Amino acid sequence: MIWDKIIIGAGLYGLYAAKTCGDRGERVLVLEWEESPFQRATYINQARVHMGYHYPRSYATAIKSAHYFNRFVKDYDFCIHQEFDQIYATSDSFSWTNREQFTKFCKAADIPCEELVPEKYFNKGLCDGAYRTREYTYDAGILGHYFVDELKRKINVEMKYGVRIQAIEKQGKHFAVILENGETFETGFLLNATYGSTNQILDLAGIEPFKIKYELCEIILCKPQQQLLDVGITVMDGPFFSVMPFGKTGYHSLTAVAFTPHMSSFDSLPQFKCQEKSEGYCSPRQLGNCNDCQVRPQSAWPYMSTMAEKYLKADYSFSYAGSLFSMKPILKASEVDDSRPTVVRKASENPTFVSVLSGKINTVYDLDEVLKND
Ligand SMILES: Cc1cc2nc3c(=O)[nH]c(=O)nc-3n(C[C@H](O)[C@H](O)[C@H](O)COP(=O)(O)OP(=O)(O)OC[C@H]3O[C@@H](n4cnc5c(N)ncnc54)[C@H](O)[C@@H]3O)c2cc1C
């Protein structure tokens, strides 16, 4: 049988594509390396539904985020946590953006912010501006269940977990995806939605890779004390930190620009020293899941928490609950302005090969155009 679409990767981008095409009655096959969906970046990230505040050096990204914010919050309201104050602040020193610039930026990007006295949350002299903003977080666990339930109901959509792709071959007007166990699946439309593994899939298909840098990132989960429970805090645009609700889990995520990335790789296929010790579990040809790896990194909690404690008033404290790791591919071209665009790239047509390298969760709608059957 020839599938209308084969989608590699069961993160948000892959499952959104599967649902969109499945709703139209197309025969869709999703191939996922893990034993269940949403095990990588879609789950292991800050969970911020971006409104644009995070990108004061890229108006284009800020405006696009704001545009998609309302749509995402409306479509997936059941997994959105909005019952907290999301506070952004500009650091008094070492920041790329000061109070005046941030105020001007929000006005120009037309995103709402209410200025507050920094001393409400921060120790004296550390922040020159503080703002209550309109930004939420999403709960990946709830969102994942929604997609699984929706897709289960469709007889025209099949999910295959635990797959090991060995080769991708172009055969006339089709691509053949060949698994290590010999199973082969054919399609005229292949979507590569593997994020951290995008170049690994492109390599299998003999297609030019993205120019990316890889960062192995740690998201710390912590238990907020009472005062912090309904507050999220981001000290921004420089070597600072964020602590905010991790969806509806009751935990807060803690990240810090200087300490969240543990290791980087500038190679086309991700190469890390720890892979040698993983006994074949993880390699430049296939990234394992750091959370299940015997050589997963030590937590940077001592450094991240020290930084947050330096800024935050003692009332806004929290304690360590655990760590999650995920790989972040960053387009080298977006390093300068921190813009994190979502790139949807078509490498061939008839048969069609599309890769998506996303910058954010709520830009998932960027897939709509390429999924159309014109
Ligand atoms: C540390 C960090 C913080 C972030 N913070 C935010 C934030 O606050 N807000 C925001 O909007 N965005 C954030 N992002 C970006 C966001 O997480 C991603 O843009 C988004 O989750 C990517 O979704 P995806 O479906 O493309 O990838 P993923 O969710 O990673 O899914 C890719 C899937 O492909 C599978 N796969 C990989 N290789 C293969 C293979 N060979 N065969 C089959 N399957 C394979 C993986 O197992 C995985 O299930 C963050 C990212 C990181 C890493």
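Placed above this text is the structure.
Not measured: the values here are computed from a predicted model. (Residues numbered from 1 in each chain as written. Predicted model: local features only at pLDDT ≥ 70, side-chain atom pairs only at ≥ 80, totals over all residues. Heavy atoms only, no water.)

Novice: Go over the packing of helix α1 (residues 12-23) against helix α4 (residues 140-152) with me, naming the residues and quoting the values.
Specialist: With their axes 10 Å apart at the nearest point, α1 and α4 run at an angle of 30° to one another. Between α1 and α4, the angle falls in the class roughly parallel. When you trace α1 past α4, the crossing you get is left-handed. Facing α1, whose interface residues are L12, L15, Y16, A18 and K19, α4 presents L143, Y146, F147, E150 and L151. Each residue belonging to the contact of α1 with α4 can be placed in one class, and the counts come to 8 nonpolar, no polar and 2 charged. (Axes fitted to C-alpha atoms, helices over the stretch in contact; angles between N-to-C directions. Helix = DSSP H or I, 4+ residues; strand = E, 2+ residues; numbered from the N terminus. Parallel < 35°, antiparallel > 145°, perpendicular 65-115°, else oblique. Left-handed = near helix turned anticlockwise from the far one by under 90°. Contact = heavy atoms within 4.5 Å. Nonpolar A, V, L, I, M, F, W, Y, C, P; charged D, E, K, R; others polar.)

Novice: Mind laying out the pairing of strand β12 (residues 174-179), listing which residues take part and the relevant values?
Specialist: The two faces of the sheet receive side chains in turn, since in a regular strand these alternate between them. The element β12 is largely enclosed, with a buried count of 5 among its 6 residues. Sheet topology places strand β11 (residues 165-171) next to β12; 6 bridges connect them, and they run antiparallel. For Q171, the partnering residue across the bridge sits in β12 and is H174. Counting the residues between successive antiparallel strands, the hairpin from β11 to β12 contains 2 residues, one of them, G172, with a positive phi of roughly 60°. As judged from the 4 bridges shared by β12 and strand β13 (residues 184-187), these two strands associate in the antiparallel manner. Bridged to I178 within β13 is T184. Here β12 folds back onto β13 in antiparallel fashion, the turn holding 4 residues, of which G182 has a positive phi close to 95°. (Buried < 20%, exposed > 50% of the residue type's maximum accessible area, 1.4 Å probe, protein only. Pairing = 2+ DSSP bridges.)

Novice: So what's going on with the pairing of strand β8 (residues 127-133)? Which residues, and what values?
Specialist: For β8, the buried fraction is high: 5 of the 7 residues fall into the buried class. Note that strand β6 (residues 85-91) and β8 share 6 bridges and pair antiparallel. Paired with T90 across the bridge in β8 is G129. When strand β7 (residues 113-116) meets β8, the two strands line up antiparallel, connected through 4 bridges. Residue pairing for β8: E114 is matched across the bridge by R132.

Novice: So what's going on with unusual backbone geometry? Residues and values would help.
Specialist: Residue P351 is reached from N350 by a cis peptide bond, and omega for that bond is 10°. Take P351: it is sitting in the loop between β21 (343-348) and β22 (352-357). With a phi angle near 60°, D110 is a residue other than glycine that sits in the positive phi range. Along the chain, D110 falls in the loop between α3 (99-109) and β7.

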